[in-house]
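Secondary and tertiary structure notes
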Amino acid sequence: MQYSQKVLDHFMKPHNLGKLDTSNAEATEGSPACGDQVSIWLNVNEDTQVIEDIGFLSYGCASNIATASIITDMAKGKTIAEAKAISWKEAAEELDGLPPVKMHCSVLAVDTLRKAIKNYEIAHHLIESDKGSLNKEMILAELAKILYPKVGEDLISLKMVKYASVNEDGLVTIDVEIPKFDQYRENVADEIREHIEKLPGVKKVTINL
Ligand code: FES
């Protein structure tokens, strides 16, 4: 697999590696695509909302370590509002690109940063907790109930779900890896649609096979 020099540099010598001694927010997220995990700790200035310090630990691959390293660099010194806007595409661009099969690794790093910021906002009463309202965990829990008929195991255990997201407007996007000529392709898509559409708050489901 061809990695850019920048990916290799950040992988070999990650920046902001390790848990912070003092932090006021943290998050750990796992990737449905590969089962890997990332944790991020933040130290946010409560007067200015600027991220003054940030640390991470990754139990993921080289792409994930490199993306976590670069997004922690990008987020440091930014306000939480600015850091929230960093996208996985920007992170991948900043690394001079990632192989397409490794894009989910940068999604995982960026999702973890956003979750840590969200946890900070909830703890500091800047936003309401979204417990009970539509969120990514609910989508993943639903996908874990759908069996891939060929094998008789669920889509999450089989790591067939490469990406899942939901936005504030109830738009759900799910990327599933399933062979082009698989006879169950359409069945699986229908099942996903049926399961997800019945969740409260879902307005539209986009499935990329
Ligand atoms: Fe799991 Fe990259 S984070 S393969």
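The following paragraphs examine the structure supplied in this document. Everything numeric here is computed off the predicted structure, so don't read it as measured data. (Residues numbered from 1 in each chain as written. Predicted model: local features only at pLDDT ≥ 70, side-chain atom pairs only at ≥ 80, totals over all residues. Heavy atoms only, no water.)

**Topic: the layout of surface pockets**
Under the convention used in this document: With a 1 Å grid laid over protein atoms only, a set of points is called a cavity when a 1.4 Å probe fits there but cannot get out and a pocket when it is open yet has protein on both sides within 12 Å along at least five of seven lines; lining residues have an atom within 4 Å of a point. Grid points are joined across faces, edges and corners, and a volume is the space filled by probe spheres set on the points. Any residue that is not Ala, Val, Leu, Ile, Met, Phe, Trp, Tyr, Cys, Pro, Asp, Glu, Lys or Arg is counted as polar, Gly included; the first ten are nonpolar and the last four charged.
Counted as a void, the second largest pocket has a volume near 310 Å³. Forming the boundary of the second largest pocket are 13 residues, of which Pro100, Met103, His104, Lys162 and Asp175 lie nearest the centre. Its residues assigned to classes, the lining of the second largest pocket shows eight nonpolar, two polar and three charged.

**Some thoughts on the side chain of threonine 67**
Applied cut-off: Only runs of H or I of at least four residues qualify as helices and only runs of E of at least two qualify as strands under DSSP, and these elements are numbered from the N terminus. For each residue, the accessible area found with a 1.4 Å probe, counting protein chains only, is set against the maximum for its type, and the residue is called buried under 20%, exposed over 50%, and partly exposed in between. Contacts are residue-level and defined by heavy atoms, with any inter-residue pair within 4.5 Å sufficient.
As for its position among the elements, threonine 67 is in helix α2 (residues 62-75). By relative accessible area, which is 0% here, threonine 67 ends up buried. Every residue in contact with threonine 67, bar those within four places of it in the chain, is listed here: Ala91, Leu95, Leu98, Ser106 and Ala109.

**Focus: the pattern of salt bridges**
Note the cut-off: The salt bridge definition used is simple: a Lys or Arg side-chain nitrogen within 4 Å of an Asp or Glu carboxyl oxygen.
For the structure shown, the criterion picks out nine salt bridges. A salt bridge links glutamate 29 to lysine 115; the nearest nitrogen and oxygen atoms lie 3.7 Å apart. Note that glutamate 29 is positioned in strand β1 (residues 25-30) and lysine 115 in helix α5 (residues 103-123), a separation of 86 residues in sequence. The exposure class of lysine 115 is partly exposed, given its relative accessible area of 27%. A salt bridge links lysine 150 to aspartate 182; its shortest N-O distance comes to 3.4 Å. Residue lysine 150 is located in the loop between β4 (147-148) and β5 (153-154), and its partner aspartate 182 is located in the loop between β7 (171-176) and α7 (185-197); the two are separated by 32 residues in the primary sequence. Counted as one network, the salt bridges with shared partners bring together Glu29, Asp111, Lys115 and Lys136.

**A short note on the nonpolar core**
The line we're drawing: Definition used in this section: a nonpolar core is a set of buried Ala, Val, Leu, Ile, Met, Phe, Trp, Tyr and Cys residues joined via side-chain atoms within 4.5 Å.
In terms of nonpolar packing, the biggest core is built from 31 residues, with Ile40, Leu42, Ile51, Ile71 and Leu113 touching the most fellow members. For this core, the secondary structure elements donating two or more residues are β1, β2 (37-44), β3 (51-59), α2, α3 (80-84), α4 (88-94) and α5. Not counting residues within four places of it along the chain, the set of residues in contact with isoleucine 71 comprises Ile40, Ile86, Ala91, Ala109, Val110 and Leu113. By size, the runner-up hydrophobic cluster in this structure holds 21 residues, among which are Leu140, Leu143, Tyr148 and Met160.

**Here's the deal with the sheet that holds β3**
Keep this limit in mind: In this description, strands pair whenever DSSP reports at least two bridges between them. Every axis in this analysis is a line fitted to C-alpha atoms, fitted for helices over the stretch in contact. Angles between the N-to-C directions lie between 0 and 180 degrees.
Strands sit in the order β1-β2-β3 across an open sheet of three strands; the sheet is antiparallel. At either margin of the open sheet sits one strand with a lone partner, and together these are β1 and β3. Looking at each pair of strands side by side, their axes are set apart by 15 degrees on average, direction ignored. Strand direction decides the pairing type here: β1 and β2, joined by six bridges, are antiparallel. Considered in β2, the bridge of glycine 30 is made with glutamine 37. Against the sheet, α2 engages β2 and β3, with an angle of about 175 degrees to β3. The strands touched by α5 are β1, β2 and β3; relative to β1, the strand with the most contacts, the crossing angle is about 145 degrees.

**Brief notes about the sheet that holds strand β6 (residues 161-166)**
Taken in spatial order, the three strands of this open sheet run β6-β7-β8, and their pairing is mixed. In this open sheet, the two edge strands, each paired with only one partner strand, are β6 and β8 (204-208). Taken pair by pair, the neighbouring strands of this sheet meet at an average axis angle of 10 degrees, ignoring direction. On the sheet, α7 packs against β7 and β8 and is oriented at approximately 155 degrees with respect to β8.

These figures come from the coordinates and say nothing about function on their own.
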